[in-house]
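What follows is the residue order along each chain.
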Amino acid sequence: MWKTSLHTSLLCILPCPCLYWGRRRVNMNFLLLFTCLCVTHGQSDVIGSDKPVTVTVGDNAILPCYLEPPFDVRTLTVEWTRDGRFVLVSRHGEDYLDLQDENFRGRTSLFHEERIRGNISLKLTNVTELDAGSYTCFVPRLQSQVRRGFINLTVGEYS
Ligand SMILES: *[C@@H]1O[C@H](CO)[C@@H](O)[C@H](O)[C@H]1NC(C)=O
Ligand SMILES: *[C@@H]1O[C@H](CO)[C@@H](O)[C@H](O)[C@H]1NC(C)=O
Ligand SMILES: *[C@@H]1O[C@H](CO)[C@@H](O)[C@H](O)[C@H]1NC(C)=O
């Protein structure tokens, strides 16, 4: 977690030293470091894609979604929905199957090693025509105003 957020934190801390002066130096240092880190954590936006993903029936689909700037989301809740139904819900790295729509049972996963980089792309296997539609990826606990990403899936016939 520290490693991935380090570079964004440094960007944030850099302008801070110009505000340090006199006796307040130490206090300001701590205050600003803390503030900068807190702000940085909430500032990642969730990004989907304007370009639809197109696959053929029976294929696997990867629906892209990621945080920009990159932010470790391994401990955060991630929700994928379509038309208000849950496609995948992950909390603290565990899938919550109770909430999942039956249609998606056993066919969804995240790329767990990628989550450290804020990549929460969804893998959907054995796609059917019923899977076509508008998907939303959502990270509820981000402080950013942009906590949802959108991506459409279109499904073609067998070729
Ligand atoms: C998805 O498709 C709908 C209906 O065609 C369209 O209104 C919407 O803008 C599309 N969304 C994205 C993220 O491409
Ligand atoms: C997210 O991970 C998937 C699967 O490894 C990969 O295809 C995709 O390019 C990654 N996206 C980003 C933004 O790194
Ligand atoms: C893919 O889905 C079809 C129809 O939903 C099913 O008949 C088939 O067994 C599935 N294939 C795999 C590999 O799960």
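Residues numbered from 1 in each chain as written. Chains lettered and ligands numbered in written order. Predicted model: local features only at pLDDT ≥ 70, side-chain atom pairs only at ≥ 80, totals over all residues.

In the annotation of an unreviewed UniProt entry, the protein is listed under the name Ig-like domain-containing protein and assigned to Dicentrarchus labrax. What UniProt states about the protein under its Subcellular location (unreviewed entry) heading is, verbatim, "Membrane". (UniProt positions renumbered as here; feature names shortened; annotations may be inferred.)

Participant: Lay out the nonpolar core with the relevant residues and their values.
Facilitator: Counting 23 residues, the largest nonpolar core has Leu-63, Cys-65, Ile-120, Leu-122 and Cys-137 as the members making the most contacts within it. Secondary structure elements with two or more residues in this core: β3 (61-63), β4 (66-68), β5 (78-82), β6 (85-91), β9 (122-124) and β10 (133-138). In contact with Leu-63, other than residues within four places in its own chain, are Val-53, Ser-121, Leu-122, Leu-124, Tyr-135, Ile-151 and Leu-153. (Core = buried A, V, L, I, M, F, W, Y, C linked by C-beta atoms within 7 Å. Buried ≥ 20, exposed ≤ 12 C-beta atoms within 10 Å, placed from the backbone. Helix = DSSP H or I, 4+ residues; strand = E, 2+ residues; numbered from the N terminus. Contact = placed C-beta atoms within 7 Å.)

Participant: Would you mind going over the sheet that holds strand β7 (residues 94-95) in detail, with residue names and values included?
Facilitator: Read from one edge of the open sheet, six strands run β2-β11-β10-β5-β6-β7, paired in mixed fashion. Two strands in the sheet have a free side with no partner beyond their single neighbour: β2 (53-56) and β7. Bridge count between β10 and strand β11 (residues 148-156): six bridges; the pairing is antiparallel. What sits directly across from Cys-137, in β11, is Gly-149. (Pairing = 2+ DSSP bridges.)

Participant: Outline the sheet that holds strand β8 (residues 108-110), listing residues and values.
Facilitator: Taken together, the three strands give an open sheet; going across it, the order is β3-β9-β8, and neighbouring strands pair in antiparallel fashion. The open sheet terminates on both sides in strands that have one partner only, identified here as β3 and β8. The average angle at which neighbouring strand axes cross in this sheet is 25°, direction not considered. In this sheet, β9 lies alongside β3 in antiparallel orientation, the contact comprising three bridges. Within the sheet, the bridge partner assigned to Ala-61 lies in β9 and is Leu-124. (Axes fitted to C-alpha atoms, helices over the stretch in contact; angles between N-to-C directions.)

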